[in-house]
Amino acid sequence: MARVKVAINGYGTIGKRVADAVSLQDDMELVGVAKTRPNFEARMAIKKGFSLYAPRERIETFEKAGIEVEGDVQSMFENADIVVDCTPNGIGEKYKQAYLDAGCKAVWQGGEKHEVAGFSFNALSNYSDALGRDLTRVVSCNTTALCRVLHLLDAAYGVKKSRVVLMRRGTDPSDVKKGPINAIVPNPITLPSHHGPDVNTVLPELPITTLAVKLSTTLMHVHAVNVELKDVPSSDEVIDMLSNEPRVLLIGSDVGSTAEVIEMARDAGRYRYDVWENVIWRDSITVKDGELYLFQGVHQEAIVVPENVDAIRAMFELEQDGATSMSITNEKMGIGGLRD
Ligand code: NAD
């Protein structure tokens with residue numbers, strides 16, 4: 001079968017990473033990336049050999065900045081079988097008709113509402129439900145991490161109830177405009193935060209309540225997870241079960257913070273220090289009075305990237321089996337390579 005032609009609309013934090021991940025796959029081909037601002041990222045995209053596109057009304061700005069674009073975004077969509085929309089929250093929905101008019105399938109990110117695609121995706125949780133679909137939304141970084149771990153726990157032991165406190169990074173490292181700089185912000189102050197309902201767009205039956213705060217850090221999120229299980233395992237059984245999943249990375253207490261997780265990824269030579277796995281502190285995994293507790297870290301810039309690759313593979317039925325697709329994506333990207 002010919003390789004699936006993939007276009008990336010929105011070449012920012014997520015878009016540039018999905019572009020790289022798609023380029024690594026044998027069954028996909030990157031036909032172009034699109035941006036609105038003629039900045040250093042646009043120059044870098046061209047240096048990497050990517051075809052750069054821009055919305056028609058922005059092309060002149062690129063030309064004035066001395067950056068050559070291949071054409072307008074519409075022509076990029078027409079060259080593609082699928083568009084992965086990585087535009088900022090709420091913009092992607094506005095492109096829906098343009099994707100449909102160009103005859104493309106489309107994947108949106110978690111900043112868009114579930115309704116834009118009518119289907120929300122996490123590879124471990126519902127790969128088979130994405131087979132042959134035209135429209136899919138890959139859930140956000142926090143929701144991806146929660147779906148992975150709660151799906152695994154539910155499949156192994158049955159989840160009776162889950163409660164999660166999300167300690168969220170304030171913004172991404174390259175974002176100079178947002179904070180907080182010196183505050184902890186309950187966000188939202190009312191319960192639940194949107195993350196629990198968002199998990200239910202993928203795992204509708206899973207009982208979950210979430211609370212979230214924003215912190216003055218940019219590196220990663222941390223979740224404090226507490227789950228009541230139907231069949232109560234020992235802590236060691238949970239560790240064994242989670243250690244079999246490449247998209248989960250169990251780490252020791254010597255990696256004592258998100259800063260050290262990132263340093264570990266740097267030391268390992270991970271491009272952009274990306275950590276695609278749920279990072280779970282092994283020593284935090286505790287079963288007490290029938291309930292499981294753990295801490296997990298989430299590298300918000302990276303975790304959804306392999307999910308986008310698997311979503312494309314499912315939508316074109318390049319692999320019928322989710323485990324096979326994930327193992328191809330894992331192998332091409334190097335996921336699992338940080339395990340002991
Ligand atoms: P970003 O701001 O880093 O990048 C957005 C890109 O879209 C930029 O390159 C910008 O030039 C481009 N853009 C803006 N308006 C456009 C338009 N009208 N047409 C084409 N391109 C346009 O955003 P991001 O952080 O990569 O977020 C993208 C999506 O991914 C959002 O839905 C977000 O919620 C989701 N997401 C973000 C993170 C994260 O932590 N950054 C994690 C998971 C999911």
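No experiment lies behind these values; they were computed from the predicted model shown.

Chemist: What's the story with the overall build of the chain in this structure? I'm lost.
Modeler: Check the secondary structure of the chain and you find 12 helices and 16 strands. A compact globule built from 340 residues should have a C-alpha radius of gyration of about 20 Å, and the chain, at 20 Å, falls within 12% of that. With the C-alpha coordinates aligned to their principal axes, the bounding extent of the chain is approximately 65 × 45 × 40 Å. If you take every contact in the chain between residues at least 6 apart in sequence, the share linking residues at least 24 apart comes to 71%. Total accessible area on the chain is roughly 14600 Å²; 50% of this is exposed by carbon and sulfur atoms.

Chemist: I keep staring at the side chain of N39 and nothing clicks. Help me out?
Modeler: By secondary structure assignment, the location of N39 is in the loop between β2 (28-34) and α2 (40-47). Polar contacts involving the side chain of N39 include one to the main-chain amide nitrogen of E41, which spans 3.1 Å.

Chemist: Would you explain a nonpolar patch on the surface in this entry?
Modeler: A cluster of nonpolar side chains, V165, L191 and L211, forms an exposed patch at the surface whose accessible area comes to about 240 Å². According to the relative accessible area criterion, V165 is partly exposed, its value standing at 35%.

Chemist: Is there a simple way to explain helix α11 (residues 305-315) in this structure?
Modeler: Given 3.6 residues per turn, any residue in an α-helix points the same way as the ones three and four places further on. With respect to burial, α11 is a largely interior element, 11 of its 11 residues being buried. For α11, the full list of buried residues reads V305, P306, E307, N308, V309, D310, A311, I312, R313, A314 and M315.

Chemist: In this structure, what is going on with the sheet that holds β2? I would like to understand it.
Modeler: Where strands meet in a sheet, backbone hydrogen bonds hold them as pairs that are either parallel or antiparallel. Spatially, the 8 strands line up as an open sheet ordered β4-β3-β2-β1-β5-β6-β8-β7, and their pairing is parallel. At either margin of the open sheet sits one strand with a lone partner, and together these are β4 (71-72) and β7 (120-121). By the bridge criterion, 6 bridges tie strand β1 (residues 4-9) to β2 in an arrangement that is parallel. Paired with N9 across the strands is A34, a residue of β2. Where helix α1 (residues 13-23) meets the sheet, its contacts fall on β1, β2 and β5 (82-85), and the angle it forms with β2 comes to roughly 155°. Against the sheet, α11 touches β1, β2, β5, β6 (105-108), β7 and β8 (135-138), its axis set at about 160° to β8.

Chemist: Explanation requested: the site of the ligand in the structure shown.
Modeler: Around the ligand sit 21 residues, and of these I14, N89, Y95, R169 and D172 come closest. In the model, an oxygen atom of the ligand is placed 2.9 Å from a nitrogen or oxygen of the T36 side chain. For the ligand, an oxygen atom lies 2.6 Å from a polar atom in the side chain of N89. Bound to the protein, the ligand loses 83% of the 840 Å² it would expose on its own. Here the shell around the ligand is composed, by residue class, of 8 nonpolar, 10 polar and 3 charged.

Rules used throughout
Residues numbered from 1 in each chain as written. Predicted model: local features only at pLDDT ≥ 70, side-chain atom pairs only at ≥ 80, totals over all residues. Heavy atoms only, no water. Helix = DSSP H or I, 4+ residues; strand = E, 2+ residues; numbered from the N terminus. Rg over C-alpha atoms; globule rule 2.2 N^0.38 Å. Contact = heavy atoms within 4.5 Å. Areas by Shrake-Rupley, 256 points an atom, 1.4 Å probe, with all protein chains shown as cover. Polar contact = N/O pair within 3.5 Å; in protein donor to acceptor, adjacent residues only side chain to side chain. Patch = residues over 30% accessible without salt bridge, like charges linked within 9 Å, V, L, I, M, F, W, Y side chains within 5 Å. Salt bridge = Lys/Arg side-chain N within 4 Å of Asp/Glu carboxyl O. Buried < 20%, exposed > 50% of the residue type's maximum accessible area, 1.4 Å probe, protein only. Pairing = 2+ DSSP bridges. Axes fitted to C-alpha atoms, helices over the stretch in contact; angles between N-to-C directions. Near = heavy atom within 4 Å. Nonpolar A, V, L, I, M, F, W, Y, C, P; charged D, E, K, R; others polar.

As far as function goes, none of this settles anything; it's purely spatial.
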